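# What the coordinates show
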Amino acid sequence: MTNLVLGLIGFALVLVSAVLIIGLAAWRRKSPPVFRDIPTFARMRHAVGRVVEDGTRLHVSLGHGALSTPQSASGLAGLVLLGRLAELTSAGDQPPIATSGDSGIAILSQDVLQAASKVSAQGAYDPTLGRLTGLTPFSYAAGAITTIRDENISANMFVGNFGAESGLMIEAAERENSFTMAGSDNLTAQAVMYGTAQEPLIGEELFAAGAYTDAGRLHSSSLTAQDILRWGIIAVMLIGSILKVLGVL
Amino acid sequence: MNLKGLFATISRSWLTAIAIAFGVLALIGYFFTSTILTGLRLLLLDLAVILAGFAVFVGVANLLNVHSKKIKRHDKSASYSTLLIIVLIVTFLLGLVARFFPAVNPLFNGAFNYIQLPVEASLMAILAVTLTYAAVRLLRRRFNWLSVVFLVTALLIIFGTVSLPFLGEVPGLSGLVRPLLSQVFAASGARGILLGVGLGTLAMGLRVLFGADRPYGGK
């Protein structure tokens, strides 16, 4: 296949996704869309409620996916969750802390926390709540561990691009007896998180956080669009396999 | 709405419009290889890389700010923060001096080769112990068939990879079970997960392009 054909297929996929997301968001359904039950998000809400009641703090770790790389998507998903969690904890005594291993994501986390502080009862915005803790994966983990240990944190959310070093951070959080929820786009990190975190997010569940925390209609519609596209891809793969077996392809 | 609020709203709208326009241009340039589009995409990426370079400075300033605050508050980890600031300043000065006096270069490189790298390697070693402990704890915390499959698979892969003392390689394990697990089951599962992650990434990118998620200026 030529580059032009591949480009057209890719562009068509993006266009179909865009139309699906907008179309589903505009469609005024009688009842809200029903998604499969992910108990992790229910437990996350419970942990957030406890943070507000206890007067403790929430920590969101955003990983080290640089903004100019494809790994930034998981960091952006983490920022969406951070914004939503900052809103949910706005009635509490202490605003959340965000740590990251990329300076771009760190600046954006400060922006998200600043926006959330305008509607919260926690007083003036503190720019040190959005932190860059290190620029290499392990220095980032080492810096985040001191935050997990010293800042009166009772719930930790690890959402972003991580590697195996996430095990050290989650283990530190476990030692503090705090709630741990973890999701990453990296396969190694997912395996580590499955073994170490109380509530691991597998695969694309990390990108569903917005829809499960009522972040907006476009989040719900994009999740439905993802499901439709997934079935489309499964159908194409099955048809392709059958055609291959029959010798057509 | 006062003048300041109106200005903030207009500037936010402009920010969103500029971000969406640049995003769409970069996206189209990625799929279609025309000289103008590709040039524009590369220019935008170059700008992003330059901005990311400046962001590192802002990030380091933020790091200094966080740790200075910890020292002022006499936090539990204030001594570590003091050490961090001293080492940061020394390394920065070494890097600056090495630029003009090449004789200082080995000292600057030594800071990475003999401090940073060994420390990171030792953290990796700690990670191996941490993961073993976490694997044992997993069965206590979440005892279900998935956890059992996870642990049994991990053990089979480990024993299929290493040479066991007195026994050497277990023939069936290293020659059949390990390749079957890693190249068939794990590879097919990983592809399924990666397809899901790919679709999630696509949806995330489109939400940013639509301006539904704005990590660049609040709501």
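Our structure's up above, just so we're on the same page.
Just so it is clear, the structure is predicted and the values come from calculations on it, not from any experiment.

Looking now at the pairing of strand S4 (residues 153-161) of chain A. Residues and elements named next belong to chain A. Within S4, nine of the nine residues are buried, which leaves the element mostly enclosed by the surrounding structure. Looking at chain direction, strand S1 (residues 57-63) and S4 are connected through six bridges and run parallel. By the bridge assignment, serine 61 is partnered in S4 with phenylalanine 158. Relative to strand S5 (residues 179-184), S4 runs parallel, the two being bridged by six bridges. Bridging across to S5, glycine 160 finds its partner in serine 184.

Time to look at helix H2 (residues 35-72) of chain B. Structurally, the α-helix is built with 3.6 residues per turn, so residues lying three or four positions apart point the same way. Residues and elements named next belong to chain B. Taking 1.5 Å per residue as the helical rise, H2 with its 38 residues ought to reach 56 Å, and the 55 Å between its terminal C-alpha atoms agrees with that figure. Every buried residue belonging to H2 is among Leu37, Arg41, Leu44, Ala55, Gly59, Asn62, Leu63, Val66, His67 and Lys70, and all of these are buried. Residue histidine 74 follows H2 closely and has a positive phi angle near 55 degrees.

Moving on, we come to the interface of chain A and chain B. With 68 residues of chain A in contact, the opposing surface of chain B contributes 61 residues. Carbon and sulfur atoms supply 70% of the area that chain A and chain B bury against each other, a total of about 5400 Å² over both sides. Put simply, chain A and chain B have four salt bridges between them. A salt bridge links Arg137(B) to Glu171(A); its shortest N-O distance comes to 3.1 Å. For the interface between chain A and chain B, the tally reads 17 residue pairs in polar contact (both at pLDDT 80 or more). The set of elements that each furnish at least two residues to the side of chain A that touches chain B consists of helix H1 (3-26), helix H3 (72-88), helix H4 (103-117), strand S3 (130-132), helix H5 (137-150), helix H6 (166-175), helix H7 (187-196) and helix H9 (217-246) of chain A. With ten residues, H1(A) is the largest single contributor of residues to the side of chain A that touches chain B.

All names here are of chain A. Met44 and Met157 are the most contacted members of the largest nonpolar core, which totals 42 residues. When residues of this core are assigned to their parent elements, the largest contribution, nine residues, is made by H3. The contacts of methionine 44, once residues within four sequence positions are left out, are Leu81, Leu85, Met157, Phe179, Met181 and Thr213. The next biggest cluster of nonpolar side chains, apart from the first, holds 21 residues, and it includes Ala144, Phe158, Met169 and Ala172.

The rules behind each value
- Residues numbered from 1 in each chain as written.
- Chains lettered and ligands numbered in written order.
- Predicted model: local features only at pLDDT ≥ 70, side-chain atom pairs only at ≥ 80, totals over all residues.
- Heavy atoms only, no water.
- Buried < 20%, exposed > 50% of the residue type's maximum accessible area, 1.4 Å probe, protein only.
- Helix = DSSP H or I, 4+ residues; strand = E, 2+ residues; numbered from the N terminus.
- Pairing = 2+ DSSP bridges.
- Expected span 1.5 Å × (residues − 1).
- Contact = heavy atoms within 4.5 Å.
- Buried area = accessible area lost by both parts, 1.4 Å probe.
- Salt bridge = Lys/Arg side-chain N within 4 Å of Asp/Glu carboxyl O.
- Polar contact = N/O pair within 3.5 Å; in protein donor to acceptor, adjacent residues only side chain to side chain.
- Core = buried A, V, L, I, M, F, W, Y, C linked by side-chain atoms within 4.5 Å.

Geometric descriptors of this kind do not, in isolation, establish any biological role.
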